[in-house]
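Observations on chain architecture
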Amino acid sequence: MKKVFLIPLVVLLLGHRPAWAQQERVGIGTLNPTQTLDVDSTLRVRTLTPPSGNQLLVALSDGTLGLSEPLAATAGLGLYAQVAGTNPVTIGPASGTAYTRVAAAGRYLFVAGGDQFKVYDAQATPTLPVYTGINSSMSGTVGALAASGNTLYAASTAGLDKFTISNGSTLALFAQYNLPLAPAGTTSTAIYDAVVAGRYLYVAACFSNSSNTVVRVLELSTGQPTSVATLPLGLTGRVQLAADESRGRLLVAPDAGALQVYALATPTAPTPVLVATAPATAPSLPTFEGGVAVVGGILYGANNATTPPTLDVYDEASPADPSQPAALGVVRLPKKVRDLAVAGEYAYLLTDDASSYELVAVRVAAPALVGLDAAGNVASVAPVLPPADNLGNHRATQNLNLAGFQLVGNGGSQGLRLDAGGRVGVLTAPSNNFRLDVGGTLRTTNMAVTGTLATPTLTATASLSTPSLLAPVTGAHPCLAAATGQVIVIGSNTASSGSDNYSVMRTGAGTYRLTFTAGPLATGNLQAAAFLAALVGTPGFVTFTASTTNPYIDVYTRNPSGTLTDRDFTFSVFLP
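Here we summarise the structure given alongside this text. (Residues numbered from 1 in each chain as written. Predicted model: local features only at pLDDT ≥ 70, side-chain atom pairs only at ≥ 80, totals over all residues. Heavy atoms only, no water.)

**Details of the sheet that holds strand β23 (residues 260–263)**
Applied cut-off: At least two bridges found by DSSP between two strands are what make those strands a pair. Per the convention used, a helix needs a DSSP run of H or I reaching at least four residues, while a strand needs a run of E reaching at least two, with both numbered from the N terminus.
Strand order across the open sheet formed by 4 strands is β21-β22-β23-β24, with antiparallel pairing between neighbours. The sheet is open, and its two borders are formed by β21 (239–244) and β24 (271–272), each paired with just one other strand. Relative to β24, β23 runs antiparallel, the two being bridged by 2 bridges. Along β24, the bridge assignment pairs Ala-263 with Thr-271.

This is how it looks when you write it as C-alpha cells:
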C-alpha cells in the first residue's frame, strides 16, 4: 500500500490547498502527483515578470527558468537570431588602435588590433562582455587570431605568438613569442585567418616561395606549436577559415569561388568532402569580409556588401554537397563588421564607425522554450518552427525581402527572382530593360493589353527548327505578322482564312502556292521574311520555298514518311 504524507509547513504556506508528498513526488492541490512537482492550480513566479513587454519563458542551459529577449527583436522564420545588446561594448576610439580581429574560447573574448590585444569576460553577462584589464603586445601586426580554452594564438608575418590565461583568483598572462609558422627557408607574406580544431591549429597564409594561398597545420599538444603539414587550396588571395569540430570539418571560404569543405579524420592531411563536381561553376557564397564561423553544422558569415550589413546563416550539415550550404536566413546589423566569433548562444561582431570600435552581441541560438506537452506536463520544446511550416497561415506586416534569394519549388535551385527595381526574372536574373524576363518558353491562354501595344520583336537564328524559318533570316523581326492564315484542303480545292492580303491555290498533292496581293509582301523577294507554318491536327511536317522575284511562297505538306500528302496547315509571315 502506498504511503501518503502531509507536509504541515507547506500547508501553512498554502492555506487550505495542501501539498502531498508521495514516493519522492510533491503534489500541490492533488493527492496523486505524477511528476516530481505536480501542481493542480495556477503557478506564479514573481521574478519572471517580463520587464520589456512580451517575452517567452525559456529553459537556460543549466535548467534555470528565465525569459527570452523581447519578441519584437526576433528575426526569421524558424531561425532564432537577433541583435541582443542595445548598448554595444566600446573597445576603443576610432582615432586610436585599429581593431580588426576577435576570437572566442569558453568565457573569454580576445580582441586584437595592430600589435595589441584585449581580453573580455562574457560569462556573467553574455550580451555585455566585461573588460578584464588584460592588454598585451604581440611580436607583429596581427593577421589572424584563434583561441582554444584559455589559450590565444596570434599569427602575423613576424611569426606565431601563444598566450595562456590563468583564471585563478587573479588573472595572469603567460606568453611565448615568434614561434615557427612559415615553412623552412620562407617568410610569411600575408596572413589571412586561423582556427583551432582539436589539438591542431590551421593558419591560412601566403609565403615567399609561392603566390598561392595554403593552410599550415600546426600541432598544439607538444606545448610549443609544431608545424606538421601544408594543405594546398588551389586558390590565390584571401580566404576565411572555420572549423566544425562536431562534424570534423574544416571550411575554407574564399573571396571568390565556391566554399571548400575538408574532412579532419586525419587532422594533418585534410581531405575534400564532396566538393562540387564543377567548382568553377558552383554557386559562390557572398564575400564574407567580416569573417565566418561554424557551430554545430550552422555556418555564420558577416556580409558587408549589403545595405544594411547582414549576418548570413547557412545549414552546412544537411546538404548532400556541403560546399553548397542551404541558406537559413539573415540578421540585419547596425554597422559593418571587421570580424566575428561565435561562443555559446551568441555571435560577437567586431564593428567600427567614425567614432569607435565596438563589440555587438547577436543571439544565434535560443535556449529551449518552456511549454506543455499533451498530458499537461511542463517540458522544454524546440525554439524553431517545424520544417513543414505553412506560409499560408501567416499575414505579412511588411514587404517580403528575398535578400537576393529566389522563390523555388520543392528541391529546386532555380525559380523566381525579384530585383530592387521590382523587375521579375523567371529562371534568369531580370534584365534592366524588361519588367518580366523569362529564361525559357512562355505560354499564355489569354493575354489582355491595356494602353499602347509596342511592336515586339522575334529574334531568329539559323539554328532554329520546328517550325522552320526561311534561310537566311536571322536577327530581329516584328512579332506582329505581315500575313497570317489557315489553309483547309477540300478535295482538290482549298479554303482559307486569316488576313486579307493573300490567296492560295493547290497546285498538286500536298503542294500549295501562297500569293501575297497587298502590302509590303506584294513587292516580291520573300527570302528576307520569316515564315512559320505548322500542320493542323495530323502528324507530318511542312517544307517551303520562297520566290526571289515574285510575291509567293510554295508550301509542301508531307506525312511522317516524307510523302507529299494533302494536309490542313496554318502559317504566319514576319518581315525584318
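Resuming the write-up.
**Here we look at the nonpolar core**
Here is the rule we go by: For this analysis, a nonpolar core means a set of buried residues of the types Ala, Val, Leu, Ile, Met, Phe, Trp, Tyr and Cys, connected via side-chain atoms within 4.5 Å. Using a 1.4 Å probe on the protein chains alone, a residue whose accessible area is under 20% of its type maximum counts as buried, one over 50% counts as exposed, and one in between counts as partly exposed.
One finds Leu-514, Phe-516, Phe-531, Ile-553, Phe-571 and Val-573 to be the most contacted residues of the largest nonpolar core, which totals 22 residues. Looking at this core, the elements that each hand over two or more residues are β40 (483–490), β42 (502–508), β43 (511–516), β44 (530–535), β45 (541–546), β46 (552–558) and β47 (569–574). Counting 21 residues, the second-largest nonpolar core is a separate cluster that includes Ala-204, Val-217, Leu-241 and Leu-264.

**A closer look at the sheet that holds β47**
Threshold: The axes used here are C-alpha line fits, helices contributing only the stretch in contact, and every angle between their N-to-C directions lies in the interval 0 to 180 degrees.
Strand order in this open sheet of 4 strands is β41-β40-β47-β44, and the pairing throughout is antiparallel. Looking at strand neighbours, the two that pair on one side only are β41 (493–498) and β44, the edges of this open sheet. The mean inter-strand angle of the sheet, taken between neighbouring strand axes irrespective of direction, is 20°. Two strands pair when backbone bridges link them, and β40 and β41 are joined in this way by 6 bridges, in the antiparallel orientation.

**Structural notes on the pattern of salt bridges**
Note the following rule: Any Lys or Arg side-chain nitrogen found within 4 Å of a carboxyl oxygen on Asp or Glu counts as a salt bridge.
Enumeration according to the criterion identifies 11 salt bridges in this entry. With its nearest N and O atoms 2.6 Å apart, the salt bridge here joins Asp-353 to Lys-335. Placement of Asp-353 in the loop between β30 (346–352) and β31 (356–363) and of Lys-335 in the loop between β28 (326–332) and β29 (337–343) is noted, with a sequence separation of 18 residues between them. You can call Asp-353 partly exposed: its relative accessible area is 30%. As a salt-bridge pair, Arg-513 and Asp-554 come within 2.8 Å of each other at their nearest N and O atoms. Taken together, the positions of Arg-513 in strand β43 and Asp-554 in strand β46 put the pair 41 residues apart, joining distant regions of the chain.

**Considering the environment of Val-489**
With respect to the helices, strands and loops of the structure, Val-489 is situated in strand β40. On a C-alpha basis, the gap between Val-489 and Asp-568 in space is 5.7 Å, while along the polypeptide they are 79 residues apart.

**With respect to the side chain of Arg-101**
Formally: Two N or O atoms count as a polar contact when they lie within 3.5 Å, although within protein this holds only if one can serve as hydrogen donor and the other as acceptor, and sequence-adjacent residues are included solely when both atoms are side-chain atoms. We call two residues in contact whenever any of their non-hydrogen atoms come within 4.5 Å of each other.
By the secondary structure assignment, Arg-101 is in strand β9 (residues 99–105). A polar contact is formed between the side chain of Arg-101 and the backbone oxygen of Gly-143, at a distance of 3.1 Å. Side-chain polar atoms of Arg-101 contact the backbone oxygen of Tyr-192, separated by 2.4 Å. Every residue in contact with Arg-101, bar those within four places of it in the chain, is listed here: Phe-110, Val-111, Ala-112, Gly-143, Ala-144, Leu-145, Tyr-192, Asp-193, Gln-240, Asp-339 and Leu-350.

**A short note on the side chain of Lys-335**
In this structure the side chain of Lys-335 is engaged in a polar contact, spanning 2.6 Å, whose partner is the side chain of Asp-353. Ignoring any residue separated from it by four or fewer positions in sequence, one finds Lys-335 in contact with Pro-309, Thr-351, Asp-352, Asp-353 and Glu-358.

**With respect to the packing of aromatic side chains**
Stated precisely, the cut-off is as follows: In summary, the pairing rule links any two rings of Phe, Tyr or Trp, Trp by its six-membered ring, whose centres are within 6.5 Å, and it sorts them by plane angle into stacked for under 30 degrees, edge-to-face for over 60 and tilted for everything else. Only when the NZ atom of a Lys or the CZ atom of an Arg is both within 6 Å of the ring centre and within 35 degrees of the ring normal do we say a charge sits over the ring.
The full count for this structure, using the stated rule, is 9 aromatic pairs. An angle of 90° between the planes, with centres 5.0 Å apart, marks the rings of Tyr-502 and Phe-571 as edge-to-face. Separated by 69 residues along the polypeptide, Tyr-502 in strand β42 and Phe-571 in strand β47 bring together distant segments of the chain. With respect to burial, Tyr-502 and Phe-571 carry one shared label: buried. Site record: aromatic cluster; members linked through ring pairs are Tyr-502, Phe-531, Phe-544 and Phe-571. In this structure, Lys-118 is placed above the aromatic ring of Tyr-131, and the distance from its NZ or CZ to the ring centre is 5.3 Å. Just above the ring of Tyr-552 sits the side chain of Arg-513; from NZ or CZ to the centre is 3.7 Å.

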